[in-house]
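Understanding the architecture of this molecule
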Amino acid sequence: GNPTRDALQELCRRVEGNEAVSSFAFTSGMSALSATLRLLKPGDIVLASKDLYGGMHRLLTHCVEHSGLDVRFVETWDLSKFKKELHSSSRVRMVFLESPTNPMMHVSDIRELAKLTHARAALLAVDNSIMTPVLSKPLDLGADLVIHSATKFLSGHSDTVGGIVTVGFFFF
């Protein structure tokens, strides 16, 4: 019910483009990432990009182990390796990636990953903090969720602290 937060969420939804349904503001990028993982339940498998922001890598390897999630790291920029890992289990419920990755700047084919992920009835979550919706619109490429650390390029890099999660039509 905070009008400032409501305005921020609506602005972020609009900037994300036609596929955006709603945006949610968080106190930090890490809290936005953590909330995204709470969509899953114990026993679910998360396929995560092998090259991720260090904070997300720590969240996936240390904090998430207490939630019962099975996290597997894969080179999302190599479709043959990704397909092999995706088809290794029927419990894959989310694919999490950055494109380009941080720090190595590997580029993944978001559109193709979305098709493959949706064929397995899983969600595709993309951390778009490096590109922002000005340069890349993962929802338009088929992603279900787009996450931003507002602390990065979305608001000038360190000018503010915050996180945004925007969900698209595919999510519903």
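Below is a short write-up of the structure. Note that the structure is a prediction, hence the values are computed from the model and not measured. (Residues numbered from 1 in each chain as written. Predicted model: local features only at pLDDT ≥ 70, side-chain atom pairs only at ≥ 80, totals over all residues. Heavy atoms only, no water.)

Brief notes about the overall build of the protein chain
Helix and strand counts for the protein chain stand at six helices and seven strands. The order of α-helices and β-strands along the protein chain, N terminus first, is α-β-α-β-α-β-α-β-α-β-α-β-β. Scaling as 2.2 N^0.38, a compact globule of 172 residues should have a C-alpha radius of gyration of about 16 Å, and the protein chain matches this with 15 Å. The principal-axis extent of the C-alpha atoms belonging to the protein chain is close to 45 × 30 × 30 Å. Burial status across the protein chain gives 47% buried among its 172 residues. The contacts of the protein chain with a sequence gap of at least 6 include a subset with a gap of at least 24, amounting to 64%. The protein chain carries 18 positive and 18 negative side-chain charges, and their two centres are separated by 4 Å. (Helix = DSSP H or I, 4+ residues; strand = E, 2+ residues; numbered from the N terminus. Rg over C-alpha atoms; globule rule 2.2 N^0.38 Å. Buried < 20%, exposed > 50% of the residue type's maximum accessible area, 1.4 Å probe, protein only. Contact = heavy atoms within 4.5 Å. Lys, Arg positive; Asp, Glu negative; His and termini not counted. Charge placed at Lys NZ, Arg CZ, Asp CG, Glu CD.)

Considerations on the pattern of salt bridges
When the charged atoms of two side chains with opposite charge come close together, those side chains can pair. Summed over all chains, the structure comprises eight salt bridges. Taking the shortest distance from any N to any O, the salt bridge between Asp-44 and Lys-41 comes out at 3.8 Å. According to the relative accessible area criterion, Asp-44 is buried, its value standing at 6%. Accessibility expressed as a relative area gives 52% for Lys-41, which makes it exposed. Measuring nitrogen to oxygen at the nearest pair gives 2.9 Å for the salt bridge that ties Lys-81 to Glu-75. With relative accessibility at 42%, the residue Lys-81 sits in the partly exposed group. Sharing partners across several salt bridges, the network here consists of Asp-70, Arg-72, Glu-85 and Arg-91. (Salt bridge = Lys/Arg side-chain N within 4 Å of Asp/Glu carboxyl O.)

A look at helix 2 (residues 29-37)
For helix 2, the complete set of buried residues consists of Gly-29, Ala-32, Leu-33, Thr-36 and Leu-37. Projected onto a plane normal to the axis of helix 2, the buried residues spread over an arc of 140 degrees and lie on a single side. Elements that come into contact with the buried residues of helix 2 comprise strand 1 (20-26), helix 3 (54-63), strand 4 (92-98), strand 5 (123-127), strand 6 (145-149) and strand 7 (163-168). (Arc of directions from axis to C-beta.)

Some thoughts on unusual backbone geometry
A negative phi angle is the norm for most residues apart from glycine, just as the trans form is the norm for most peptide bonds. Along the chain, Ser-99 connects to Pro-100 via a cis peptide bond; the corresponding omega equals 0 degrees. Topologically, Pro-100 is positioned in the loop between strand 4 and helix 5 (110-119). The residue after Asn-102, namely Pro-103, is reached through a cis peptide bond having omega 25 degrees. Its location among the elements puts Pro-103 in the loop between strand 4 and helix 5. You will see that Met-105, though not glycine, has its phi angle at about 65 degrees, which is positive. You can see Met-105 is positioned in the loop between strand 4 and helix 5. Classification of Met-105 by relative accessible area gives partly exposed; the value is 45%.

Looking at the environment of Ser-89
Within the secondary structure layout, Ser-89 lies in the loop between helix 4 (79-86) and strand 4. A C-alpha to C-alpha distance of 9.8 Å links Ser-89 and Arg-120, two positions 31 residues apart in sequence. A distance of 3.0 Å separates the side chain of Ser-89 from the backbone nitrogen of Arg-91, its partner in a polar contact. (Polar contact = N/O pair within 3.5 Å; in protein donor to acceptor, adjacent residues only side chain to side chain.)

Shape is all these values report; function is a separate question.
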